[in-house]
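Chain by chain, the residues:
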Amino acid sequence: MYKLAHDLGYQCLLAGNAAEGLRLATEFSPDAILLDIGLPDVSGMTVLQKLKRNPDTRHIPVHIISAADRMETALQMGAVGYAVKPTTRESLQQMFEKIEEKLTSKMKRVLLVEDDALQRESIRHLIGEEDIEITAVETGAEAMELLRNTIFDCMIIDLKLPDMQGNDLLRRMSSETICSFPPVIVYTGRNLTRDEEHELLKYSRSIIIKGARSPERLLDEVTLFLHKVESDLSADRQNMLRTVRSRDSAIEGRRILLVDDDVRNIFALTGALEQKGATVVIARDGFEAVEKVNSVADIDLVLMDIMMPGMDGLEATRRIRSDARFQKLPIIAITAKAMKDDQEQCLKAGASDYLAKPIDIDRLYSLLRVWIPNMERI
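The structure displayed is predicted, hence computed values, not measured ones.

On average, residues of the chain score 85 in pLDDT, and 94% of them reach the 70 mark or higher. By mean pLDDT, strand β14 (residues 375-376) is the weakest element of the chain at 42, and strand β11 (residues 301-305) is the strongest at 95.

Listed below in structure tokens is the structure:
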């Protein structure tokens, strides 16, 4: 990659781990970042999350290159693209072309699909800037006609349209020929079931339920997917973004299954999770973990200790993953030590990520924000 970048006329900074990568990104503010997931100190997903939560680095396009296929989560978090190793020189060259396109495009195009005139005007006022061109339509059919001929940088849709449901529009976008499938933000007044949420997240990067605090969240998501430099925004908009990030909406109201046989760990982690507004369900071994996943409705994430008597966390993770219903349920493995073979075993068993003891609570919160499904509940 370094040689190809030089061949294409780019200058490069190299980092061999997450800490060095974050330091270089903050110090030099590069034009773009190529990021691996399997880093030796922490997961690249955590690096992506930190880059996108930092106002000084949030606008930098990040393209993932990894042996692990976690494309859906990475794109929801703001990555511009995802390549699965091994890659060819041709595919890497296409990656650079995609990044170059993001860097050279001065005008950002947003497609707004909303049948309510007041809502359309409100959203225009909220996100409108000199370098943002907003095309607003009322129906799914109008949106499809535009998508066949125009590339948009971001798309905002309501689910209740006059001619079709928003999820039907998304399915048509995925099955019919369009110029490009843009990052989609679902902005709706409907309360969704968990099945509807999972279905929508196949196609959309974010779901926001309209309410008193939703405009700030919408502005936050649009600036993320348009790679806007926050310091260029007005003072009022910067204040709105600071307000929305002061809440931990990713964790608040979520149901987390904690699997651990050590009462001290249970007490400490339950306190930390409840402090952020999560509901904690306890399981004390692997057998109980499998039973809880099957019997407790709407578990958003599992914290799975690996070293337990009876059935250990690896076997419990395998059994949970063997059920098709739980293929995408985030499972974070808690390991006794940060050894690379332990991490690889956890991922091989089906864990989404791993966390080494003793647990750093800030890192725990960071992983939860990465892996809990990206939906704002208001």
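The next point concerns the packing of aromatic side chains. What describes a pair of aromatic rings is the distance from one ring centre to the other and the angle between the planes of the rings. Considering all chains together, one arrives at one aromatic pair under this definition. Geometry around Tyr 365 places Lys 276 over its ring, the cationic atom sitting 4.8 Å from the centre.

Another point: unusual backbone geometry. Following Lys 85, the chain continues to Pro 86 via a peptide bond in cis, the omega torsion being -5°. Of note, Pro 86 is situated in the loop between β3 (81-84) and α5 (89-104). Here the residue pair Lys 357 and Pro 358 is connected by a cis peptide bond, since its omega of -5° sits within 30 degrees of zero. If you check the backbone angles, His 227 has positive phi at about 55° while not being a glycine. Here His 227 shows up in the loop between α10 (214-225) and α11 (235-245). Judged by its relative accessible area of 12%, His 227 falls in the buried class. Notably, Asp 298 is not glycine yet its phi reads approximately 60°, a positive angle. For Asp 298, the position within the fold is in the loop between α13 (286-295) and β11.

The strand order across the open sheet built from five strands is β10-β9-β11-β12-β13, with neighbouring strands paired in parallel fashion. Of all strands in the sheet, those bounded by a partner on one side alone are β10 (279-283) and β13 (353-356). For this sheet the average axis-to-axis angle between neighbouring strands, irrespective of direction, equals 20°. The pairing of strand β12 (residues 331-335) with β13 spans four bridges and is classified as parallel. The partner of Thr 335 across the bridge, within β13, is Ala 356.

Moving on, we come to the pattern of salt bridges. In this structure the tally under the stated criterion is 24 salt bridges. Among the ionic pairs, Glu 230 bridges to Arg 58, the shortest N-O distance being 3.7 Å. Within this pair, whereas Glu 230 is found in the loop between α10 and α11, its partner Arg 58 is found in the loop between α3 (44-53) and β2 (62-66), the two being separated by 172 residues in sequence. This pair shows no difference in class: Glu 230 is buried, exactly as Arg 58 is. Between Arg 171 and Asp 168 there is a salt bridge, with the nearest N and O atoms lying 2.5 Å from each other.

Moving on to the environment of Gly 253. Within the fold, Gly 253 resides in the loop between α11 and β9 (255-259). Separated by 21 residues in sequence, Gly 253 and Glu 274 place their C-alpha atoms 9.4 Å apart. Ignoring anything within four residues of it in the chain, the contact list for Gly 253 reads Gly 277 and Ala 278.

The parallel open sheet is built from three strands, whose spatial order is β1-β2-β3. Whereas interior strands pair on both sides, the edge strands pair on one side only; in this sheet they are β1 (33-35) and β3. For this sheet, the mean angle separating the axes of adjacent strands, direction not counted, is 20°. Sheet analysis places β1 next to β2, joined by three bridges and oriented parallel. Bridge pairing in β2 links Leu 34 to His 63.

Moving on: the pairing of β10. Judged from the five bridges that link them, β9 and β10 form a sheet pairing that is parallel. Bridged to Ile 256 within β10 is Val 280. In this region the chain leaves β9, passes through helix α12 (residues 263-275) and returns to the parallel neighbour β10; the handedness of that crossover is right-handed.

Looking at where His 59 falls in the secondary structure, it is placed in the loop between α3 and β2. For His 59, a relative accessible area of 17% gives the class buried. Contact partners of His 59, with chain neighbours within four places excluded, come to Ser 29, His 227, Lys 228 and Val 229.

Conventions adopted
- Residues numbered from 1 in each chain as written.
- Predicted model: local features only at pLDDT ≥ 70, side-chain atom pairs only at ≥ 80, totals over all residues.
- Heavy atoms only, no water.
- pLDDT = per-residue confidence, 0-100.
- Helix = DSSP H or I, 4+ residues; strand = E, 2+ residues; numbered from the N terminus.
- Phe/Tyr/Trp six-rings, centres within 6.5 Å; stacked < 30°, edge-to-face > 60°.
- Lys NZ or Arg CZ within 6 Å of the ring centre and 35° of its normal.
- Buried < 20%, exposed > 50% of the residue type's maximum accessible area, 1.4 Å probe, protein only.
- Pairing = 2+ DSSP bridges.
- Axes fitted to C-alpha atoms, helices over the stretch in contact; angles between N-to-C directions.
- Salt bridge = Lys/Arg side-chain N within 4 Å of Asp/Glu carboxyl O.
- Contact = heavy atoms within 4.5 Å.
- Right-handed = clockwise from strand over helix to strand, strands pointing away.

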